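Breakdown of the fold
The residues making up each chain are set out below.
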Amino acid sequence: MPQNEYIEEAIRRHGRRMDHAERKRKKEARKVHKNSEFAQKVHGLKAKLYNKKRHSEKIQMKKTLKVHDEKNAKQKTDDAVPEGAVPAYLLDREGQQRAKVLSNMLKQKRKEKAGKWNVPLPKVRGIAEDEMFKVVKTGKSKSKSWKRMVTKPTFVGDGFTRKPPKYERFIRPMALRYKKANVTHPELKATFQLPIIGVKKNPQSPMYTQLGVLTKGTIIEVNVAELGLVTTGGKVLWGKYAQITNNPENDGCINALLLV
Amino acid sequence: MASIYNFKKIAPVPEANDFLDIVLNKTQRKTPTVVHPGYKITRIRQFYMRKVKFTQETFDEKLRQILEEFPVLDSVHPFYADLMNVLYDKDHYKLALGQINTARHLIDSIGKDYVRLLKFGDSLYRCKQLKRAALGRMATVMKRQKDSLSYLEQVRQHLARLPTIDPNTRTLIVCGYPNVGKSSFMNKVTRADVDVQPYAFTTKSLFVGHMDYKYLRWQVIDTPGILDHPLEERNTIEMQSITALAHLRAAVLFFIDLSEQCGYTIQDQMSLFHSIKPLFANKPTLLVTSKTDVCTLNDVKPEERQMVEAVRSESIELSQLSSYHDTGIIETRNLACDKLLQQRVDMKLKGHKVSGVLNKINVAQPGKRDTVERPAFIPESVLKRRQQSGEDQMHRMLERDLEVEGGGAGVFNVDLKKRYVLASDEWKYDVIPEIIDGKNVADFIDPDIEEKLAELEREEEKLAAEGLYDSSEETTDEEDVRIRDIARRIRERKQIIAQESRIKDVNRSKLTTKDKAMISSTGDFSEHLQRLGLDPTLADETASRIGRKRGRSESRDPAVKLARSSSVAARAVSVIRDRSVMGLKDARQKLATEKSKNMSMRRMNRMARAGEADRAIMNKMPKHLFSGKRSIGSNDRR
């Protein structure tokens, strides 16, 4: 009964077959041809996958080659004076860099003043009503068609109660209601899943804003209490605007960029 | 009882990337792949929903399989649970399985969400994007399980190579310091073929071997060496031994090397023995001194000897063996086995299970109600016979005994004639001839045969006298002749029909009766009428009148023909060529071609396939003719 590391044990006791090394060498040598044969023959999805894999392998190979080349090539010594180096007696002075920061800040402020709605996605594709709404036929003989169903993701507040069906003109399906968005902080370069507070503006139309439709380019208000952002005055921020950057109806999730 | 734990059956766990490939490939293979924007939106939605659902189900199934196949530590035998804890770290193991389970739930919920979203998909593009997003998210979840999966695969490989130890059977555990001769003993006792080397920790894990003793199966477990230090400092290799000692109800053979070749003093070895003694509680234990070929108990210093022999006081027995000289091995083994067996029997007798077995084998003895003796009743005749024939009356001579006496099976011939019941016993072995005086003996078996024959003859004479055998005169009258004649004709007709049907080639396509009727000629009809005894002339006339041939050149007056031909003499004569013989050399070749043509057509004819020329109704219920309401309005638009 083989138990524990019986394969290694067998090799240790009886050794490998006589031509093991040779077979291995030959197999290795023939592998290139085999691979090439496969690469020439393969087609369709497999070819796509294979080529992608091969491509990345080649890049990796080239990189390693380059590294080796660099190792082998004679390089200049790094004795050259690095940029911005100062003599020891000037070390505590950092006037110039500070100035740079200051000018940056000025620029930033000017920018903020310039346009209140300077948003990452300034333009959006127009969405027609018939794309946005699906006509729901009502009435006993389904002859009336005043009712609409929103076919895009929506945000519906907590306190919302549906009107009686007779008066409900717009239906926002439960399946398309979203409560959370993946918000990226552009400076922190980090993404958080934050609860949505409300829809500030849908650029398509005020009606969509009212309905809380979430499309690409919509400005939403998100709850940033978790992030612990603080205003200059020291108050804790909890509501901040963000703009939706993806097509939620296509992706099934909401990605937004925080407006700072 | 076979071991219930079979860890060898766990299916391989693929790596995260392979896992994805497997699942996505399966989705591609098993779901439809063609969809067009022109399809009805419900169909497009359904197409993509199916893909999402299928992928989710495949993931679910595969992950569930992993979860089901890997043993749950809480439900396996504590020995295995502890061993796995030692080898793979219980927390890590549980965490990995837990993560797989979470991934499964996540994927399920993703699948559910996206199927719900797909219900609102209004274009192929949107549906496709949603599907893509769904599969992408599932893949991301799976990719995060990379480490868990590779860990589980390693665990699986290691588990499959663990020796199959049945924790409940009769077991001997061999333990002691490294290099004291544990594995050598194991190799002597079983066929396990464990590696033996002259350095410490040759055996790095548990090994199991099997042997027979007292017609029972025993397993012997060889453990890695243990050093004498606290439990917390023990490494994985040592912990395996400790686990085996702690959880298996077995006889323990603690090996010590008196020669100190192993590199540890006797004192060290004894102190280890004492420090792990708690593990030997309630187990038959043997202190085995090995390598007696080098050094025996008599050769060591008295205080050391004292120390070793002190264990006797704790009802632990001493035993000596030398694997090199093959001495004391069997004795040691037998001693250990006997002790364990004794203990197991005692244990069983103590338990309540034994009462069930004892009940079955209990022989009820009625209690004595008075002083009167009530011996078993033996009939008078039997007693008498016993007295007459003396000694061995209880044992009758059987054919079986005779067979043994007569030389055993194959040599002994059974005497069948012995028990014949005849008037005289002397006749039993007489030879019975088949024929005596030219007469068959069997004919005379019946004692009344003469009488019966006479009876028969008398009866025959009587019948003859009554005139039963007189040949009566021919009673032929008109009626008979007529019937015979009709019968003959019927027979002939039947024969003809049979022949005709035989002539008919069954493999040809057959004509319908209607067609046949059309083919039959006037001649046939008149013949038929004649056969029926009717006059066919009238019918012939009618037929010829109705079915007159159309006028044709051949039937016209030759004079007219001549006149006509002369009038058009100038016209070129077009020769009518028979195309069927064109390009053929002679009649024989034509025959051959015809034959081959027929042969090639035969299969087609036999199958009687509908050809292009056959009438066919393609659509039995054309939609436009059968759709719509019929209640109101007219149906002329249909």
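Throughout this description, residue numbers start from 1 for each chain and increase along the sequence as written. Note on labels: chains are lettered from A, ligands numbered from 1, in written order. Per-residue local features are limited, in this predicted model, to residues with pLDDT of at least 70; the limit for side-chain atom pairs, both in listing and counting, is 80 or more; totals at the level of whole chains, interfaces and linings are taken over all residues. The side-chain quantities take in all heavy atoms of the structure and omit both hydrogens and water.

**Regarding the overall build of chain B**
- Labels follow the DSSP assignment, with helices taken as runs of H or I lasting at least four residues and strands as runs of E lasting at least two, numbered in each case from the N terminus. Across its full length, chain B carries 22 helices and eight strands.
- Buried means the residue's accessible area, taken with a 1.4 Å probe over protein chains only, is under 20% of the maximum for its type, while exposed means over 50%, and partly exposed covers the values in between. For chain B, buried positions account for 29% of its 638 residues.
- In what follows, a contact means two residues having at least one pair of non-hydrogen atoms within 4.5 Å. A sequence separation of at least 24 residues applies to 68% of the contacts in chain B between residues at least 6 apart.
- A total of about 45,800 Å² of accessible surface is found on chain B, and carbon and sulfur atoms cover 53% of it. Under the convention used here, a 1.4 Å probe and the Shrake-Rupley method define accessible areas, while residue burial counts only the protein chains that appear.

**Quick look at the confidence of the model for chain B**
- On average, chain B scores 85 in pLDDT, and the residues at 70 or more come to 90%.
- The ipTM assigned to the predicted complex is 0.77, against a pTM of 0.63. Confidence of the prediction at every residue is given by pLDDT, a number between 0 and 100.

**Regarding the interface of chain B and chain A**
- At the interface, 24 residues of chain B touch 23 residues of chain A.
- In this assembly, chain B packs against chain A so that about 2,000 Å² is buried in total across both faces, 48% of it on carbon and sulfur atoms.
- A carboxyl oxygen of Asp or Glu within 4 Å of a side-chain nitrogen of Lys or Arg is what we treat as a salt bridge. On the surface where chain B and chain A come into contact, there are three salt bridges.
- Whenever two N or O atoms come within 3.5 Å, that pair is a polar contact, provided that in protein one can donate a hydrogen and the other can accept it, and provided that, for residues adjacent in sequence, both atoms are side-chain atoms. The tally of links between chain B and chain A comes to 10 residue pairs in polar contact (both at pLDDT 80 or more).
- Broken down by secondary-structure element, the contributors of at least two residues to the side of chain B that touches chain A are helix H4 (90-118), helix H5 (124-143) and strand S2 (207-213) of chain B.
- Broken down by element, the residue count for the side of chain B that touches chain A peaks at six residues, all from H5 of chain B. Accessible area, probed at 1.4 Å, shrinks when two parts are joined; the buried area is that loss added up over both.

**Regarding the sheet that holds S2 of chain B**
Residue and element names in this part refer to chain B.
- With mixed pairing, the six strands of this open sheet are ordered in space as S2-S3-S1-S4-S5-S6. Every interior strand has two partners, whereas the edge strands, S2 and strand S6 (317-320), have only one. Shown here is a sheet whose adjacent strand axes are inclined to one another by a mean of 25°, direction ignored.
- For strand S5 (residues 285-290) and S6, the ladder comprises four bridges, and the chain directions are parallel. Residue Leu286 lies in a different strand from S6, and its bridge partner there is Glu317.
- Here an angle of 0 to 180 degrees is reported between the N-to-C directions of two axes, which are lines fitted to C-alpha atoms, with helices fitted over the stretch in contact. Seen against the sheet, helix H11 (residues 329-350) touches strand S1 (171-176), S2, strand S3 (216-222), strand S4 (251-257), S5 and S6 and runs at an angle of roughly 85° to S2. At least two DSSP bridges between two strands are needed for those strands to be called paired.

**Details of the pattern of salt bridges**
Residues and elements named next belong to chain B.
- All chains considered together, the criterion is met by 36 salt bridges over all chains.
- With its nearest N and O atoms 3.4 Å apart, the salt bridge here joins Arg305 to Glu309. Of this pair, Arg305 and Glu309 both sit in helix H10 (residues 302-309), four residues apart, which is roughly one turn of that helix.
- Judged by relative accessible area, Arg305 falls into the partly exposed class, the value being 29%.
- Of the residues examined, Glu309 reaches a relative accessible area of 27% and is grouped as partly exposed.
- Glu455 is paired through a salt bridge with Arg458; the nearest N and O atoms lie 3.6 Å apart.

**Quick look at the side chain of Thr223 of chain B**
- Tracing the backbone through its elements, the reader meets Thr223 of chain B in the loop between S3 and helix H8 (236-247).
- Residues contacting Thr223 of chain B, with those up to four places away along its chain left out, are Ile173, Val174, Cys175, Lys182, Thr203, Leu206, Ser241 and Ala244 of chain B.

**Topic: the side chain of Lys182 of chain B**
Residues and elements named next belong to chain B.
- With respect to the secondary-structure elements, Lys182 resides in helix H7 (residues 182-189).
- The side chain of Lys182 sits in the buried core without any salt bridge; Asp222 is the nearest counter-charge, 5.9 Å away.
- Setting aside anything within four residues of it in sequence, one finds Lys182 in contact with Val174, Cys175, Gly176, Tyr177, Asp222, Thr223, Pro224, Gly225 and Phe255. Charge convention: Lys and Arg are scored as positive, Asp and Glu as negative, and His as well as the terminal groups of each chain are ignored.

**As for the sheet that holds strand S3 (residues 170-171) of chain A**
Residues and elements named next belong to chain A.
- If you walk across this open sheet you meet the three strands as S1-S2-S3, and the pairing is mixed. The open sheet terminates on both sides in strands that have one partner only, identified here as strand S1 (133-138) and S3.
- In the sheet, strand S2 (residues 144-150) pairs with S3 via two bridges, with the strands oriented parallel. Note that in S3 the partner of Arg148 across the bridge is Phe170.

**Overview of the packing of aromatic side chains**
- Pairing of aromatic rings covers Phe, Tyr and Trp, the last through its six-membered ring, and needs centres within 6.5 Å; plane angles under 30 degrees mean stacked, over 60 mean edge-to-face, and all others mean tilted. Within the structure shown, the criterion is met by 14 aromatic pairs over all chains.
- Look at Phe185 of chain B and Phe255 of chain B: their rings are 5.3 Å apart centre to centre, the planes differ by 55°, and that puts the pair in the tilted class. Here Phe185 of chain B, found in helix H7, pairs with Phe255 of chain B, found in strand S4; they are 70 residues apart in sequence, far enough to count as distant.
- Ring geometry for Phe273 of chain B against Phe280 of chain B: centres 5.5 Å apart, planes inclined by 40°, an arrangement best described as tilted.
- Among the aromatic residues, ring-to-ring pairing joins Phe133, Phe170 and Tyr208 of chain A into one connected group.

**Structural notes on the pairing of strand S6 (residues 219-223) of chain A**
- Of the pairings in the sheet, the one linking strand S5 (residues 190-201) of chain A to S6 of chain A comprises four bridges and is antiparallel in character. Among the inter-strand pairings, Lys201 of chain A is bridged to a residue of S6 of chain A, identified as Ile219 of chain A.

**Comments concerning unusual backbone geometry**
- Within the chain, Asn4 of chain A stands out as a residue other than glycine whose phi angle is a positive 55°.
- Among the secondary structure elements, Asn4 of chain A is positioned in the segment before helix H1 (6-14).
- Located in the positive-phi region is Glu260 of chain B, a residue other than glycine, with phi close to 60°.
- On the secondary structure map, Glu260 of chain B appears in the loop between S4 and helix H9 (266-275).
- Judged by its relative accessible area of 30%, Glu260 of chain B is partly exposed.

**Some remarks on a positive patch on the surface**
Residue and element names in this part refer to chain A.
- Nonpolar side chains (Val, Leu, Ile, Met, Phe, Trp, Tyr) are joined into patches within 5 Å and like charges within 9 Å, using only residues with over 30% relative accessible area and no salt bridge. Lys charges are placed at NZ, Arg charges at CZ, Asp charges at CG and Glu charges at CD. Taken together, the side chains of Arg23, Arg25, Lys27, Arg30 and Lys34 define a basic patch exposed on the protein surface.
- Along the chain, Arg23 turns up in helix H2 (residues 20-41).
- Classification of Arg23 as partly exposed rests on a relative accessible area of 47%.

**Some words on the packing of H4 of chain B against helix H6 (residues 146-161) of chain B**
All names here are of chain B.
- Following both chains from N to C, one finds H4 and H6 inclined at 125°, their axes separated by 9 Å at the closest point. By the angle between their directions, the pair H4 and H6 is classed as oblique. Along this stretch, H4 crosses H6, giving a crossing that reads as left-handed. Residues His92, Tyr93, Ala96, Leu97, Gln99 and Ile100 of H4 lie in contact with H6, whose contacting residues are Ser148, Leu149, Tyr151, Leu152 and Val155.
- When the residues that make up the contact of H4 with H6 are grouped by side-chain class, the tally is eight nonpolar, three polar and no charged. When an angle is under 35 degrees it counts as roughly parallel; over 145 it counts as roughly antiparallel; between 65 and 115 it counts as roughly perpendicular; any other value is oblique. By definition, any crossing whose near helix is turned counterclockwise from its far helix by less than a right angle is left-handed, and any crossing with a clockwise turn is right-handed. When residues are sorted by character, Ala, Val, Leu, Ile, Met, Phe, Trp, Tyr, Cys and Pro go into the nonpolar class, Asp, Glu, Lys and Arg into the charged class, and all the rest, Gly among them, into the polar class.

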